[in-house]
Amino acid sequence: MTGSPKKHKTVGIDIRKDLFGANEDAAALNKKKFREHGLVVLDIMGSVGTGKTQLIEALCDRLRGRRQILMVAGDLATTIDADRVGSHEIDTVQINTGTACHLDARMIRVALDDVDLSKYDVVFIENVGNLICPAGYSLGADKKIVVVSVTEGPYMVRKHPLTIKRADMVVINKIDLADILEFDVDALVRDIREVDADLPVFRVSSKTGDGVDNLLKALGF
Ligand code: MG
Ligand code: ZN
């Protein structure tokens, strides 16, 4: 071998920065559009089975006649959640993400592109059931609400501190089952407080309606 090896340029690409930066830009555009229409937009996150859909149903029922609601459902493949909420006479938009385990701002923009947003006051976005990456993607919503439930075992919060950190409020759902499951709700609240001492936490049963009015009030409805 003679000579020195050819030198090519080296380009460092921070994929995370690039990806998240583009999403933040798209989210800002969404937010601007939501503002123009005077919408309250809530991004509801949580694992599969925490009762996100049931919570949205409970909120919709109580807002009936007072607010015009649009529900955007994120799901890999099905329309189960949108169908459920739609059965309450709520307009819905389904986003099937295929393989993507979260919604991002671009998906929201595309999904709402031909929707007349001036018809609505509130948009509930049900994110893909997964407690990890949805927290990392802004959609342009006013608030990120994380739903955990007493059926998920005691370590939900401790195992997902970043998600809690990025939340604007936490709903502990299915509290009607806490006694039966011998679930220590106070301990879960303490775990949340350890991540963020000031984060608003609501104890709710979407099924019995317990705590739903409190949550509505906190949301300004
Ligand atoms: Mg659901
Ligand atoms: Zn994901």
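What you see is a predicted model, and the numbers here were worked out from it, not measured in a lab. (Residues numbered from 1 in each chain as written. Chains lettered and ligands numbered in written order. Predicted model: local features only at pLDDT ≥ 70, side-chain atom pairs only at ≥ 80, totals over all residues. Heavy atoms only, no water.)

**A short note on the coordination of the zinc ion (ligand 2)**
What counts is decided by this rule: Excluding water, the donors of a metal are its N, O and S neighbours within 2.8 Å, or within 3.2 Å for Na, K and Ca, and that exclusion means sites may look incomplete. For helices the rule is a DSSP run of H or I covering at least 4 residues; for strands it is a run of E covering at least 2, with both sets numbered from the N terminus onward. Each residue's exposure class comes from its accessible area (1.4 Å probe, protein chains only) as a fraction of the maximum for that residue type: buried when under 20%, exposed when over 50%, partly exposed otherwise.
The protein atoms that coordinate the zinc ion (ligand 2) are Cys-101 (SG), His-102 (ND1) and Cys-133 (SG), at distances spanning 1.9 to 2.2 Å. The motif formed by the donor residues of the zinc ion (ligand 2), counted along the single chain, is C-H-x30-C. Here Cys-101, found in the loop between β3 (91-96) and α4 (105-112), pairs with Cys-133, found in the loop between β4 (122-126) and β5 (143-149); they are 32 residues apart in sequence, far enough to count as distant. Under the relative-accessibility criterion, Cys-101 is labelled partly exposed at 34%.

**Structural notes on the coordination of the magnesium ion (ligand 1)**
At 2.0 to 2.5 Å from the magnesium ion (ligand 1) lie its protein donor atoms, namely Thr-53 (OG1), Asp-81 (OD) and Glu-126 (OE). All donors of the magnesium ion (ligand 1) belong to a single chain; written as a sequence motif, their spacing is T-x27-D-x44-E. Of this pair, Asp-81 sits in helix α3 (residues 80-86) while Glu-126 is found in strand β4, placing the two residues 45 residues apart along the sequence. Assigned by exposure class, Asp-81 and Glu-126 land together as buried.

**Focus on the pattern of salt bridges**
Heads up, the condition is: Within this document, salt bridges are pairs made up of a side-chain nitrogen of Lys or Arg and a carboxyl oxygen of Asp or Glu, the two lying within 4 Å of each other.
In total, this model carries 9 salt bridges according to the counting rule given. Note that Asp-142 is salt-bridged to Arg-35, the shortest N-O span being 3.3 Å. In this pair, Asp-142 is assigned in the loop between β4 and β5 and Arg-35 in helix α1 (residues 15-36), connecting sequence segments 107 residues apart. Judged by relative accessible area, which is 31%, Asp-142 ranks as partly exposed.

**Here's the deal with the nonpolar core**
Applicable threshold: Joining through side-chain atoms within 4.5 Å is the link that ties buried Ala, Val, Leu, Ile, Met, Phe, Trp, Tyr and Cys residues into a set, and such a set is a nonpolar core.
Of all hydrophobic cores here, the largest spans 27 residues; its most connected members are Phe-124 and Leu-215. Looking at this core, the elements that each hand over two or more residues are β1 (40-45), α2 (52-63), β2 (69-75), α3, β4, β5, β6 (169-173) and α8 (212-218). The element best represented in this core is α2, accounting for 6 residues.

**Quick look at α4**
Applied cut-off: The directions considered for the arc run from the helix axis to the C-beta atoms. N or O atoms closer than or at 3.5 Å make up a polar contact, with two conditions inside protein: a donor-capable atom paired with an acceptor-capable one, and, for residues adjacent in sequence, both atoms drawn from side chains.
Ala-105, Met-107, Ile-108, Ala-111 and Leu-112 are the residues of α4 that are buried. On an axial view of α4, the arc spanned by its buried residues comes to 160°, and they lie on one face. Its side-chain oxygen placed 3.1 Å from the backbone nitrogen of Arg-106, Asp-104 serves as the N-cap of α4.

**Structural notes on the sheet that holds β4**
As a reminder, the rule being used: Paired strands are those between which DSSP finds at least two bridges. Throughout, an axis means a line fitted to C-alpha atoms (over the contacting stretch in the case of helices), and angles, computed between N-to-C directions, take values from 0 to 180 degrees. Any two residues having at least one pair of non-hydrogen atoms within 4.5 Å are treated as being in contact.
Pairing is parallel in the open sheet, where 7 strands are placed in the order β3-β2-β4-β1-β5-β6-β7. Looking at the sheet topology across the chains shown, the edges are occupied by β3 and β7 (201-203). On average, adjacent strands in this sheet sit at an angle of 20° to one another, irrespective of strand direction. Pairing analysis gives 5 bridges linking β2 to β4, with the strands arranged parallel. Looking across to β4, one finds that Val-72 is bridged to Ile-125. α2 rests against β1, β2, β4, β5 and β6 of the sheet, and its axis sits at about 165° to β4. Where helix α7 (residues 185-195) meets the sheet, it contacts β5, β6 and β7, and its direction lies at approximately 165° from that of β7.

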